[in-house]
Amino acid sequence: MRGFRVVDMSRLFAGNVITQILGDFGAEIIKVESPAGDTLRAWQTEGVSTHWKVYGRNKKSLCLDLHKSRARELLLELAATADMLLESFRPGVLESMGLGPDVLRARNPRLIVMRISGWGQGGPYHQRPGFGTLIEGMAGFAAINGFDDREPVLPPMYLADGIAGLFGASAALIALREVEQNGGVGQVIDLPLLDPLLAMLGPQAANYRLTGKVRKRTGSRSTNAAPRNAYRAKDGRYVSLSGSTQKMAERTLRAIGRPELVDEPKFKTNADRVRNAAELDAIIGAFIAQHNRELLEALGVDASSYQKLMDAGVVSESRSPSFQLTE
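Remember, predicted model here, so these are calculated numbers, not experimental data. (Residues numbered from 1 in each chain as written. Predicted model: local features only at pLDDT ≥ 70, side-chain atom pairs only at ≥ 80, totals over all residues. Heavy atoms only, no water.)

A. Looking closely at the overall build of the chain. A count of helical and extended segments in the chain gives 15 helices and 8 strands. Taken against the 2.2 N^0.38 rule, which gives 20 Å for 327 residues, the C-alpha radius of gyration of the chain at 26 Å runs more than 25% over that of a compact globule. Dimensions of the chain along its principal axes, counting C-alpha atoms only, are 80 × 45 × 45 Å. Summed over its atoms, the accessible surface of the chain is roughly 17,300 Å², and 54% of this surface lies on carbon and sulfur atoms. Taking the average place of the 41 positive charges on the side chains of the chain and the average place of its 36 negative ones, the gap between the two points comes to 2 Å. (Helix = DSSP H or I, 4+ residues; strand = E, 2+ residues; numbered from the N terminus. Rg over C-alpha atoms; globule rule 2.2 N^0.38 Å. Areas by Shrake-Rupley, 256 points an atom, 1.4 Å probe, with all protein chains shown as cover. Lys, Arg positive; Asp, Glu negative; His and termini not counted. Charge placed at Lys NZ, Arg CZ, Asp CG, Glu CD.)

Here is the structure:
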């Protein structure tokens, strides 16, 4: 990405993720901030702006008070030298400052303008505030996250912004390719936070249309494959385990010393295991609860670790002679 200049007027996460990715690959990122600075700078741990250190890396900073006409003119001059400009104001704010896409691209027809918002530049919700938390609720993520006997659970981090950032970085490269290959005219990219997260949850809507049923919250279990859960070990720590393919599920059953379960009708196929996930979890959980996590991690690495477990008295060769977790 060397030689690719980006003017980043965004705040908080989505825009900063996009330009962090582009900057990591060599793009010149010029971060335009108000005198108060990007809000991300204020998110500190023990007085250190750790979020800014991560997402602000590889960027140059420029302070412009865009309420002033001279600052707006300087921004237009900078945009004329750039390949791309990002902004995350509420729809219409950029136009009210005289910096709308038409004005920017009149100065630089090749300029790609990426506009980040909660709900998009048009549509019935476009003037609503759009922080990621609202999107994570509206998209349906929270509704399927957590346990069925408790309230929906919002993600403990900026999920909607992060996914939008990944989609936005991809869109930036596609738009740059379009400029290079098809006439040199920059595009305006409308990047709502809602659409990328909704796209990642796409099968949920398709499943509802097919069945008419809203998916229940299943905790750490999967509705598509089993076994899959977080299990508590003897030392109080946890082991996350997933046997999402037939071979891996069979190896897991052999690894816990229960090879006979491979042919058990309740666990023979993935569909069988999903239907009987609670019973399967109880069996696996009972094994894991007997051992410390360090030994369990060794069990999951490769077949050679089996000898370590035998030496430690965790399992015996007679119980699981065909143990193997990996090819």
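Continuing now.
B. Region of interest: helix α3 (residues 69-79). All of the buried residues along α3 are Ala71, Leu75, Leu76, Leu78 and Ala79. Taken around the axis of α3, the buried residues stretch over an arc of 160°, which confines them to a single face. Of the residues in α3, the exposed ones pointing more than 90 degrees away from the buried face are Ser69 and Arg70. In the core, the buried residues of α3 are packed alongside β1 (5-8), β2 (28-33), β3 (59-63), β4 (84-87) and α5 (101-107). (Buried < 20%, exposed > 50% of the residue type's maximum accessible area, 1.4 Å probe, protein only. Arc of directions from axis to C-beta. Contact = heavy atoms within 4.5 Å.)

C. Structural view of the layout of surface pockets. Taken as a whole, the largest pocket spans an internal volume of roughly 640 Å³. Elements that contribute at least two residues to the lining of the largest pocket include exactly α1 (13-24), β5 (112-117) and α6 (132-138). Along the lines of polarity and charge, the residues of the lining of the largest pocket split into 16 nonpolar, 9 polar and 5 charged. In this structure, the second largest pocket spans a volume of roughly 550 Å³. Taken together, 19 residues line the second largest pocket, and the ones lying closest to its centre are Gln204, Tyr208, Lys213, Val214 and Arg215. Going through the elements one at a time, α7 (141-144) and α10 (202-211) are the ones with two or more residues in the lining of the second largest pocket. (1 Å grid on protein atoms, 1.4 Å probe; cavity = no way out; pocket = protein on both sides within 12 Å on 5 of 7 lines; lining within 4 Å. Points joined across faces, edges and corners; volume = space filled by probe spheres on them. Nonpolar A, V, L, I, M, F, W, Y, C, P; charged D, E, K, R; others polar.)

D. Quick look at a nonpolar patch on the surface. A surface patch of nonpolar side chains, amounting to about 310 Å² of accessible area, comprises Leu166, Phe167 and Met200. In this fold, phenylalanine 167 is placed in helix α8 (residues 159-181). You can call phenylalanine 167 partly exposed: its relative accessible area is 34%. (Patch = residues over 30% accessible without salt bridge, like charges linked within 9 Å, V, L, I, M, F, W, Y side chains within 5 Å. Salt bridge = Lys/Arg side-chain N within 4 Å of Asp/Glu carboxyl O.)

E. Expanded view of the sheet that holds β4. The 6 strands lie next to each other as β3-β2-β1-β4-β5-β6, forming an open sheet whose pairing is parallel. Two strands in the sheet have a free side with no partner beyond their single neighbour: β3 and β6 (188-192). Between one strand axis and the next, the sheet turns through 20° on average, direction left out of account. Contacts from α1 reach β1, β2, β3, β4, β5 and β6, with the element oriented near 160° to β1. Lying over the sheet, α8 contacts β4, β5 and β6, oriented at roughly 160° with respect to β5. (Pairing = 2+ DSSP bridges. Axes fitted to C-alpha atoms, helices over the stretch in contact; angles between N-to-C directions.)

F. Geometry of the pattern of salt bridges. Counted under the stated rule, the structure contains 16 salt bridges. The shortest N-O distance in the salt bridge between glutamate 87 and arginine 115 comes to 2.6 Å. Here the residue glutamate 87 occupies a position in strand β4, and arginine 115 occupies one in strand β5, the gap between them amounting to 28 residues. Under the relative-accessibility criterion, arginine 115 is labelled buried at 5%. A salt bridge links arginine 275 to aspartate 272, with the shortest nitrogen-to-oxygen separation between them at 2.5 Å. Separated by 3 residues within a single helix, arginine 275 and aspartate 272 lie in helix α12 (residues 270-275), roughly one turn from each other. A relative accessible area of 61% means that arginine 275 is categorised as exposed. With relative accessibility at 15%, the residue aspartate 272 sits in the buried group. Each of Arg5, Glu28 and Lys60 takes part in a single network of salt bridges with overlapping partners.

G. Representation of the nonpolar core. The biggest cluster of nonpolar side chains holds 31 residues, and the ones touching the most others in it are Leu22, Met84, Met114, Ile116 and Leu197. Counting only elements with at least two residues in this core, the list comes to α1, β4, β5, α7, α8, β6 and α9 (194-200). For this core, the leading source of residues is α8, giving 8 residues. Excluding residues within four positions of it along the chain, leucine 197 makes contact with Ile135, Glu136, Ala139, Phe141, Leu159, Ala160 and Ile163. (Core = buried A, V, L, I, M, F, W, Y, C linked by side-chain atoms within 4.5 Å.)

H. Fine view of the side chain of aspartate 272. Of note is the side chain of aspartate 272, whose polar atom sits 2.8 Å from the side chain of threonine 269. A polar contact is formed between the side chain of aspartate 272 and the side chain of arginine 275, at a distance of 2.5 Å. Dropping the residues within four chain positions of it, aspartate 272 is found in contact with Pro265, Lys266 and Phe267. (Polar contact = N/O pair within 3.5 Å; in protein donor to acceptor, adjacent residues only side chain to side chain.)

I. Structural view of α8. Compared with the 33 Å implied by 1.5 Å per residue over 23 residues, the 33 Å span of α8 between its first and last C-alpha is a close match. Just downstream of α8 lies glycine 183, where phi reads positive at about 105°. (Expected span 1.5 Å × (residues − 1).)

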